Amino acid sequence: MCDYSLHAVASRPAKVGETLISTTFRGTSTRGFASESEPNVAVCMLPGTELAFADDVRYDSRWIWTRTIRERVAKFNAIEKHVPDRHHDAIEFADGRHVLVTQLCEGQRVTVLQLPVAKQPAERKPLGTEAASGSEVTPVRRISIT
């Protein structure tokens, strides 16, 4: 996902193993992630994407002070999706705290560790349905030992 305010910015999906940097995109007041080689392209993530920050996470609320969370591993997530016209992209820490991506201080490096599973595994057919699909079923013999 990329926040609603980045819809006018070029974007692409995240890739496992790549290092990204937190940045403010030109023409917006929104921060997000980009590759250093493509600073004007927002890198979008699916909820559940696992991230490793190079340093403790720093964020602000656009005021004078910066806060630090002494954590380096987090998951990308979306919060309050039911509230329109606000930022939803967030980083979730193991203790349940969230920081909006747009509040991350610029210049932080983050590595994409793992993407979430996108597809559900194929459903398994219950035993005995193979005959209905045309495949041969071998009968099971019961042997009693006396």
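Let us look at the structure shown here. (Residues numbered from 1 in each chain as written. Predicted model: local features only at pLDDT ≥ 70, side-chain atom pairs only at ≥ 80, totals over all residues. Heavy atoms only, no water.)

1. Observations regarding the sheet that holds strand 5 (residues 50-53)
Strand pairing in a sheet relies on backbone hydrogen bonds. The paired strands run either parallel or antiparallel.
Then step 1. With antiparallel pairing, the seven strands of this open sheet are ordered in space as 3-2-11-5-8-9-10. At either margin of the open sheet sits one strand with a lone partner, and together these are strand 3 (31-34) and strand 10 (98-100). Averaged over all adjacent pairs, the angle separating strand axes in this sheet is 35 degrees, with direction ignored. (Pairing = 2+ DSSP bridges. Helix = DSSP H or I, 4+ residues; strand = E, 2+ residues; numbered from the N terminus. Axes fitted to C-alpha atoms, helices over the stretch in contact; angles between N-to-C directions.)

2. Details of the environment of Arg31
Then step 1. One can find Arg31 in strand 3.
Then step 2. Once the C-alpha coordinates of Arg31 and Leu104 are considered, the two residues, 73 residues apart in sequence, prove to be 7.2 Å apart.
Then step 3. Here Asp60 takes part through its side chain, which lies 3.3 Å from a polar atom of the side chain of Arg31. (Polar contact = N/O pair within 3.5 Å; in protein donor to acceptor, adjacent residues only side chain to side chain.)

3. A closer look at a nonpolar patch on the surface
Then step 1. Nonpolar side chains collect at one region of the surface, where Trp63, Ile64 and Trp65 lie side by side and expose about 460 Å² of accessible area between them.
Then step 2. Locating Trp63 in the fold gives a position in the loop between strand 6 (57-59) and strand 7 (67-69).
Then step 3. Assessed through its relative accessible area of 62%, Trp63 is described here as exposed. (Patch = residues over 30% accessible without salt bridge, like charges linked within 9 Å, V, L, I, M, F, W, Y side chains within 5 Å. Areas by Shrake-Rupley, 256 points an atom, 1.4 Å probe, with all protein chains shown as cover. Salt bridge = Lys/Arg side-chain N within 4 Å of Asp/Glu carboxyl O. Buried < 20%, exposed > 50% of the residue type's maximum accessible area, 1.4 Å probe, protein only.)

4. Examining the pattern of salt bridges
Then step 1. In this structure the tally under the stated criterion is seven salt bridges.
Then step 2. Residue Arg12 pairs with Glu38 through a salt bridge whose shortest N-O separation is 3.2 Å. Of this pair, Arg12 sits in strand 1 (residues 11-13) while Glu38 sits in the loop between strand 3 and strand 4 (42-44); the two residues are 26 residues apart in sequence, bridging distant segments of the chain.
Then step 3. The class of Arg12 is buried, set by a relative accessible area of 15%.
Then step 4. What makes Glu38 partly exposed here is its relative accessible area of 34%.
Then step 5. As a salt-bridge pair, Asp60 and Arg31 come within 3.3 Å of each other at their nearest N and O atoms. One end of the pair, Asp60, is in the loop between strand 6 and strand 7; the other, Arg31, is in strand 3, with 29 residues separating them in the sequence. The residues Asp60 and Arg31 share a single accessibility class, namely buried.
Then step 6. Connected through salt bridges with shared partners, the residues Arg12, Glu18 and Glu38 form a single ionic network.

5. Some thoughts on the nonpolar core
Then step 1. Core analysis: the largest hydrophobic core is formed by 19 residues, its most contacted members being Phe33, Phe53, Ile91 and Leu104.
Then step 2. Broken down by secondary-structure element, the contributors of at least two residues to this core are strand 5, strand 6, strand 8 (73-78) and strand 11 (109-114).
Then step 3. Apart from residues no more than four positions distant in its own chain, Leu104 is found in contact with Ser22, Arg31, Phe33, Phe53, Val57, Arg58, Tyr59, Ile91 and Val99. (Core = buried A, V, L, I, M, F, W, Y, C linked by side-chain atoms within 4.5 Å. Contact = heavy atoms within 4.5 Å.)

6. A word on the side chain of Glu18
Then step 1. Relative to the helices and strands, Glu18 is located in the loop between strand 1 and strand 2 (19-24).
Then step 2. At a separation of 2.6 Å, a polar atom in the side chain of Glu18 contacts the main-chain amide nitrogen of Lys15.
Then step 3. Beyond its immediate sequence surroundings of up to four residues, Glu18 is in contact with Arg12, Pro13, Val43, Val110, Thr111 and Val112.

7. Let's talk about the environment of Arg58
Then step 1. With respect to the element layout, Arg58 can be found in strand 6.
Then step 2. In this structure, the C-alpha to C-alpha distance between Arg58 and Thr68, residues 10 residues apart in sequence, is 4.5 Å.

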